Each structure stands twice: as C-alpha cells, then as structure tokens.
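Each chain, written out:
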Amino acid sequence: MNRADSRDRMRGFTFFEMMAVLVILMIVGGIGYQAIQMTSMASAATVFQTDLDQRAHRAVTRIVRELQDARLESLMPEPSAPFGASTLSYVCAEVPDDEQIVWGEYRRLELVPSDTDPLDGIDNDRDGLTDEHVLRLVHDVGLITERATVIVRNVAARLEGEAANALDDNGNGLVDEAGLSISVQEGVLYVRLSLQGRDPQGRVATRTAETPVWPRN
Ligand SMILES: [Ca+2]
Ligand SMILES: [Ca+2]
Ligand SMILES: [Ca+2]
C-alpha cells in the first residue's frame, strides 16, 4: 500500500465517522426535542387543570357567600337527599342583624344549558364537551327588576363520577346529581360543583369542589 492509498482510506474513514456522529446527533436531538415537547405539554395540562380547579373553588366560594345568608325555611325546592337540587330559590337576609332581620327578594341559583349547546346528547358547539351547563345567579326573581349574572361556565352535565342511571355511582348519597348539586341535611347545606374542559392535549379534564355551608338564619 502506497502513501496515497493510506490517505484515501483515512479520508473515507473520517467521512463515515462524521456520518455516524451526525446520525447519532440527529437521534439524540430528536429524543431531546420529544422529551422537551412532552414536558411542555404535560406542564400545559397541569396549568390547565390547576386553572379549572381554581375556577371550581372560586365558584363554590361565591355560592357559599349566597347561602350563608339564605333563610333555610325559604329554600325551594327543599333539596333533600337522595336528589338534592341543581336549581334553588331562597331569600337572603339583606341586613343580617340578629335583632331585626330584613329579608330581601327571592334569588335563584340555577343550572341552565349553555346557549351554544342545548340538551340533546350532542356537542353542538364542538368544544369537546357534551351538553355543558352554565351556573347563574338570578336576583329579584319574578320582578320587573329580575336580572341574571353568570357565576361559572362549563359545568359538567353530571357531578364527577355520576352517570344518569338511577344509581348513586359516586357514593355521596345523591342519585344522578347534576354538575351543581345542593343538598340539605339537618340544617347544613352541602354544595358540590364539577367543571369540565379540554386540556391542551385534547383530553377531558374534570375538577370538583365541594363544601358544607351553615346558614346563619
Ligand atoms: Ca348538546
Ligand atoms: Ca359543547
Ligand atoms: Ca351520587
């Protein structure tokens, strides 16, 4: 073998080495990119779920503020187990004074179908959720001054773990309860709320907040 052949072989060997290194770098780079992408998507899903969780808790806190001042005897319908209620009318103490309570006009917490997704088992607005609801607070029920404000959207059709089958699937003592459920037991009100949404990966996420409420009146 002369010196020229040796130089050619060295050049060839170096070329294949470079190609091999290039391929390895591409593989490692691809794996790294995939890992970063998966981490980023997981992080986005976590942020989404945290936001959903916070929205559910804020909405329940708002309901608690309402029901703390509600008169127990005024609840319509009486939200007894095993059905509770997803729409509830009541009067509140406008001036919660122990000596002279002034009762206000009737109010109503109501769970209504979303304007864009009527109750038909179909995801009409194509947001990935079927028959989602809106929770509204109505003031001055039945009066000319009646007005409604939205407390929260994307309320699940049924509470988390519950299906429409005449059974108590989630074991909370209520049967087929809706995504907003208010029930009463021995003078204590129990509020349960499930919100749903599609996370950035397209998966349905459900978050539930619940709390007891002790009405002051
Ligand atoms: Ca629908
Ligand atoms: Ca929908
Ligand atoms: Ca149940």
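That block above? That's the structure.
Quick caveat, the model's predicted, so the values are computed rather than measured.

### With respect to the coordination of the calcium ion (ligand 3)
Ideal geometry at a metal centre: 109.5 degrees between donors when four sit tetrahedrally, and 90 or 180 degrees when six sit octahedrally.
Alright, step 1. Summarising the metal site, the calcium ion (ligand 3) is bound by the protein donors Glu162 (OE), Asp168 (OD), Asn170 (OD1), Asn172 (OD1), Leu174 (O), Glu177 (OE) and Glu177 (OE), whose distances to it range over 2.3 to 2.6 Å.
Alright, step 2. For the calcium ion (ligand 3), the single-chain donor residues occur in sequence as E-x5-D-x1-N-x1-N-x1-L-x2-E.
Alright, step 3. The class of Leu174 is buried, set by a relative accessible area of 1%.

### Regarding the side chain of Glu162
Alright, step 1. With respect to the helices and strands, Glu162 occurs in the loop between strand E6 (147–155) and strand E7 (180–185).
Alright, step 2. No salt bridge is formed by the buried Glu162. Its closest oppositely charged neighbour is Arg158, at 6.9 Å.
Alright, step 3. Within the structure, Glu162 has its side chain in polar contact with the backbone nitrogen of Asn170 (distance 3.4 Å).
Alright, step 4. Among residues more than four places away in sequence, those in contact with Glu162 are Leu167, Asp168, Asp169, Asn170, Leu174, Val175, Asp176 and Glu177.

### Let's talk about the pairing of strand E4 (residues 107–113)
Alright, step 1. Most of E4 sits out of view: five of its seven residues are buried.
Alright, step 2. As judged from the three bridges shared by strand E1 (residues 88–90) and E4, these two strands associate in the antiparallel manner. Bridging from a neighbouring strand, Leu88 pairs with Leu109 of E4.

### With respect to the pattern of salt bridges
Note that side chains of opposite charge can pair when their charged atoms are close.
Alright, step 1. Under the counting rule described, the total for this entry stands at 10 salt bridges.
Alright, step 2. Residues Glu66 and Arg62 are paired through a salt bridge, measuring 3.5 Å at the closest nitrogen-oxygen approach. In this pair, Glu66 and Arg62 both sit in helix H1 (residues 3–68), four residues apart, roughly one turn of the helix.
Alright, step 3. Here the salt bridges do not stand alone but share partners, grouping Arg62, Glu66, Glu94 and Arg107 into one network.

### Let's talk about the coordination of the calcium ion (ligand 2)
Alright, step 1. Within the protein, the atoms that donate to the calcium ion (ligand 2) are Asp117 (OD), Asp123 (OD), Asp125 (OD), Asp127 (OD), Leu129 (O), Glu132 (OE) and Glu132 (OE), at distances of 2.2 to 2.6 Å.
Alright, step 2. Sequence spacing among the residues donating to the calcium ion (ligand 2) works out to D-x5-D-x1-D-x1-D-x1-L-x2-E.
Alright, step 3. Since its relative accessible area comes to 29%, Asp127 is described here as partly exposed.

The rules behind the values
- Residues numbered from 1 in each chain as written.
- Chains lettered and ligands numbered in written order.
- Predicted model: local features only at pLDDT ≥ 70, side-chain atom pairs only at ≥ 80, totals over all residues.
- Heavy atoms only, no water.
- Donors = N, O, S within 2.8 Å, 3.2 Å for Na, K, Ca; no water.
- Buried < 20%, exposed > 50% of the residue type's maximum accessible area, 1.4 Å probe, protein only.
- Helix = DSSP H or I, 4+ residues; strand = E, 2+ residues; numbered from the N terminus.
- Lys, Arg positive; Asp, Glu negative; His and termini not counted.
- Salt bridge = Lys/Arg side-chain N within 4 Å of Asp/Glu carboxyl O.
- Polar contact = N/O pair within 3.5 Å; in protein donor to acceptor, adjacent residues only side chain to side chain.
- Contact = heavy atoms within 4.5 Å.
- Pairing = 2+ DSSP bridges.

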